[in-house]
Structures are given as structure tokens and as C-alpha cells.
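# Report on the structure
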Amino acid sequence: MCFDLGRLPLISILWLVSGSLCFGQIFGLPTPNRALFEPGGEARFFVGTVGKPWASGTFGCVRSDGWQIHEGLDIRSVHRNKTGESVDPILATASGTVAYINHKSSLSNYGKYLILKHQIEGLEIFSVYAHLSAISKQVQVGHTVKQGEIIATMGRTTNTRQGISKDRAHLHFELNLFVNDDFPIWYKKRLPGQRNDHGAWNGRNLLGLDPRAILLEQNRQGSAFSLLKHVRSQPELCRILIRSKNFSYAKRYISLIKRNPLTEREGIGAYEIAINFNGLPFELIPRAPSELVGRAGKISVLSVNQVELDRNPCRKLLQRRGKHWELSSTGQQLIDLLVY
Ligand SMILES: [Zn+2]
């Protein structure tokens, strides 16, 4: 399904890079590193954190002994110049438009980064490319890009004190859903006095999916792959009932709403939301007022999947109070932003 560039003549490589790397596929690999699709290629594809194995460069609860999330993939460099700096071209994973560019390394632990917006099967999904050394001149906010188009050069920019060493130069790559357009207003109100250099593009306003799972599933299924199906079948962490009838996530991700004939007669009194371990809502069910009788409170936890919580505990969205589960302060903040 995807071509191995090593076996193609140069002219074909240039054509493929300028066009599409994987025909008929929604997402292409964002760098020339293709080891993800090779058996046992993980150590050649992922860069672990200092002194840790490659798995710490994957998505999920992979840092601090499973208690810290890494919301993207750290993809290893395969092209270096004479001084050993990474020069891998960064490729748009899918066609879309440029949503945001941060040129100032000092403003983010992501260093220089850019975000592309894609519309796929009715889902607005955002790809993030971080730690870049340079961003291509033609890449400007609002401009369209084609899948496979070179948008930047790999690097190791970041504002963290320890920096990223030459040998660990990598692309930090994310695929996210967007939480709320009113994030800047929410942030100002809930976290007064705290700096927000990136407006609605603050990392808290983006919820990551596992790009590795998406790329592998797509490679396995070929043209049968559906992003919508993939999102809808996320492992469930819990179900929450929120007394909001109207919020921007429900409008933006209409395709994640499950039809409820009762609400078509009675109207909507609340939303039941299924979230994955990362707090990403992947199923929204409108609930009619008659279904809410006897339920008090603005937000309630309806059910918790203990197996999934034990498997992925790092987001700490839930806490137990006696026999019952409730949202932790992190969980409350996430839902507060979702429905704000
Ligand atoms: Zn990373």
C-alpha cells in the first residue's frame, strides 16, 4: 500500500514526495522514515527519551513509569548533513490548510511548530509538526497544502532548558481533535494572569489520537480504512452526563453524535458523552428530559471502565469517592472547557 522509497529511482521519489506517498490513503507518513511498516522496525522509527527505550517515543501513558502522557510520536531522523544535523523533509500527512505557525522557539517546548487542519469524513482533524528547524516559505496560515508536500525541515528546537541533542533530533507528530473555539476566553476566565501565547492553539485545546494506531490500521486495511470508524471505536474510559444542550464540540463533530429518537420528539436535556483515556469525546448521545428524571447535578459520571483506567492511568481524569467515581479536578477542567 505504501511505497518503499529505497527501491525507486530519484525522479519517482521527487514525484511521490510532491504528490502523494500512499495512494488512496488518508494519512501519509510525515517524514521519509518508513520503518513503522517494517517488522521489528520500531527502534528505527521512534526516538525514546534520554536513556529510555523507543516505546517512550510512542503515544500514550509512556513516560514517568506510565504516569505521564506523550501526546504524539517522536519520529527518528534518517537524513543528516555533514555536521550531523537532521535535514529530513517534513511532509503534510494529508491535504488541508495551514491553521497555525509558531516561528518563535522560545515560546514553546514544541519549539518551531505548525498545525494543519484537515476535513476527513466530516471530521475536523489537526496534524501537528514540532521541533522543526525551518518552515517552508510557502507555508502560511490559510494556505492549502497537498498530502506529501514538503512543509518544513526536521530539527530539535524547543524552549526546555535541557534542549534536544543532535542525535535525538526528531519530528514530534500529533493528530488531534479540537475542543473549543472560545478557548482564549475560557483560559482568561479560569486561569487569570497565566500566559497564553498560542490562542486557541494552546495544547490544552487539542486532544490527541494515537497516530501510530491510525497509520498501522490504515496500512492494514488500505482503502477500507475509515477515520470516523476508528474514532468511534476508541476504547471507552467512562461515560459522563452533562447538562448542556449546545456546545461547540457537538456542533463541530456532528458525525460523532448518535441519534436518539426521543430527543427528536422531546428536545435535548443533556448529553451523554463517552470519552477515551485521553479525555477525547468519541460518542455523544443527546438525552431527552424524560430520560433525566431523578438525575441531579450538572455533571455526573455514569460508568467507568476499570480495565481501561488501569491500562492508561496517566491522564488522571477520575477519582473514587467511597463507592462512587467522580471527575478529578483535571477531569472537571476538561469537561468545563468542552461545554464552555
Ligand atoms: Zn514528542
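Because the structure is a prediction, the values reported are computed rather than measured.

### Remarks on the pairing of strand 7 (residues 123–132)
The buried count for strand 7 comes to 10 of 10 residues, which makes it a mostly enclosed element. Relative to strand 11 (residues 170–178), strand 7 runs antiparallel, the two being bridged by five bridges. From the neighbouring strand, Val128 faces strand 11, where its bridge partner is Glu174.

### Describing the nonpolar core
If you look at the biggest cluster of nonpolar residues, it comprises 83 residues, and the most contacted ones within it are Leu114, Ile151 and Phe247. Sorting elements by how many residues they give to this core places strand 7 first, with seven residues. Per-domain counts for this core show at least three residues from each of domain 1 (5–224) and domain 2 (234–339). Excluding residues within four positions of it along the chain, Leu114 makes contact with Tyr100, Ile101, Ser127, Val128, Tyr129, Leu132, Ile135, Val139, Ile151 and Ala152.

### Looking at the domain arrangement of the protein
If you check the domain split of the protein, you get domain 1 (5–224) and domain 2 (234–339). Between the C-alpha centres of domain 1 and domain 2 the distance comes to 29 Å. Across the boundary between the two partners, domain 1 contributes 27 residues, which contact 22 residues of domain 2. Taken together, the links from domain 1 to domain 2 amount to three salt bridges. Of the charged contacts, one joins Asp181 and Arg252 as a salt bridge, the two residues approaching to 2.9 Å between their closest N and O atoms. Where domain 1 packs against domain 2, one counts 12 residue pairs in polar contact (both at pLDDT 80 or more). Of all elements in the fold, only strand 1 (60–63), strand 2 (68–70), strand 7, strand 11, helix 3 (183–190) and strand 12 (206–209) reach the threshold of two or more residues within the side of domain 1 that touches domain 2. Grouping the constituent residues of the side of domain 1 that touches domain 2 by class yields 14 nonpolar, seven polar and six charged.

### Quick notes on helix 3
In an α-helix, one full turn covers 3.6 residues, which means residues spaced three or four apart are oriented alike. Taken together, the buried positions of helix 3 are Phe183, Trp186 and Tyr187. Buried residues in helix 3, looked at end-on, bunch into an arc of 100 degrees, giving them a common side. Relative to its buried face, helix 3 has exposed residues pointing more than 90 degrees away, namely Lys188 and Lys189. Check the buried side of helix 3 and you find it contacts helix 9 (329–339).

### Points about the state of the cysteines
All chains considered together, the criterion is met by one disulfide. With no disulfide of its own, Cys238 has Cys61 as its nearest cysteine by sulfur position, at a separation of 14 Å. For Cys238, a relative accessible area of 1% puts it in the buried group.

### Considerations on the sheet that holds strand 13 (residues 238–242)
With antiparallel pairing, four strands are arranged side by side in an open sheet as 15-14-13-16. Sheet topology places strand 15 (281–287) and strand 16 (299–304) at the edges, where each strand pairs with a single neighbour. Each adjacent strand pair in this sheet contributes to an overall mean axis angle of 20 degrees, direction not counted. Relative to strand 15, strand 14 (residues 270–275) runs antiparallel, the two sharing six bridges. Bridge assignment links Ala274 to a residue of strand 15, and that residue is Glu283. Against the sheet, helix 9 contacts strand 13, strand 14, strand 15 and strand 16, and its axis sits at roughly 50 degrees relative to strand 13.

### So, the coordination of the zinc ion
On the protein side, the zinc ion has His70 (NE2), Asp74 (OD) and His172 (ND1) as donor atoms, found 2.0 to 2.1 Å from it. Ordering the donors of the zinc ion by residue number gives the pattern H-x3-D-x97-H. With His70 in strand 2 and His172 in strand 11, this pair connects stretches of sequence that are 102 residues apart. The same class applies to His70 and to His172, which are both buried.

### Here's the deal with the packing of aromatic side chains
Summed over the entire model, instances satisfying the criterion amount to 14 aromatic pairs. Summarising the aromatic geometry, the rings of Tyr249 and Tyr253 are spaced 4.7 Å apart at their centres and angled 55 degrees between planes, so their arrangement reads as tilted. Look at Tyr253 and you get buried, because its relative accessible area is 0%. Taken together, Tyr100, Tyr110, Tyr113, Phe126, Phe178 and Trp201 form an aromatic cluster joined through their ring pairs.

### Here we look at the pattern of salt bridges
As enumerated under the stated definition, the model contains 17 salt bridges in all. A salt bridge links Arg259 to Glu264; the shortest N-O distance between them is 2.8 Å. No difference in accessibility class separates Arg259 from Glu264, as the two residues are exposed. Among the salt bridges present, the one from Arg287 reaches Glu291, with a minimum N-O distance of 3.0 Å. Taking the relative accessible area as the measure of exposure, Arg287 reaches 18% and is therefore buried. The class for Glu291 is partly exposed, based on a relative accessible area of 29%.

What counts and how
Residues numbered from 1 in each chain as written. Predicted model: local features only at pLDDT ≥ 70, side-chain atom pairs only at ≥ 80, totals over all residues. Heavy atoms only, no water. Buried < 20%, exposed > 50% of the residue type's maximum accessible area, 1.4 Å probe, protein only. Helix = DSSP H or I, 4+ residues; strand = E, 2+ residues; numbered from the N terminus. Pairing = 2+ DSSP bridges. Core = buried A, V, L, I, M, F, W, Y, C linked by side-chain atoms within 4.5 Å. Domains from an automatic or database assignment. Contact = heavy atoms within 4.5 Å. Salt bridge = Lys/Arg side-chain N within 4 Å of Asp/Glu carboxyl O. Polar contact = N/O pair within 3.5 Å; in protein donor to acceptor, adjacent residues only side chain to side chain. Nonpolar A, V, L, I, M, F, W, Y, C, P; charged D, E, K, R; others polar. Arc of directions from axis to C-beta. Disulfide = S-S within 2.5 Å. Axes fitted to C-alpha atoms, helices over the stretch in contact; angles between N-to-C directions. Donors = N, O, S within 2.8 Å, 3.2 Å for Na, K, Ca; no water. Phe/Tyr/Trp six-rings, centres within 6.5 Å; stacked < 30°, edge-to-face > 60°.

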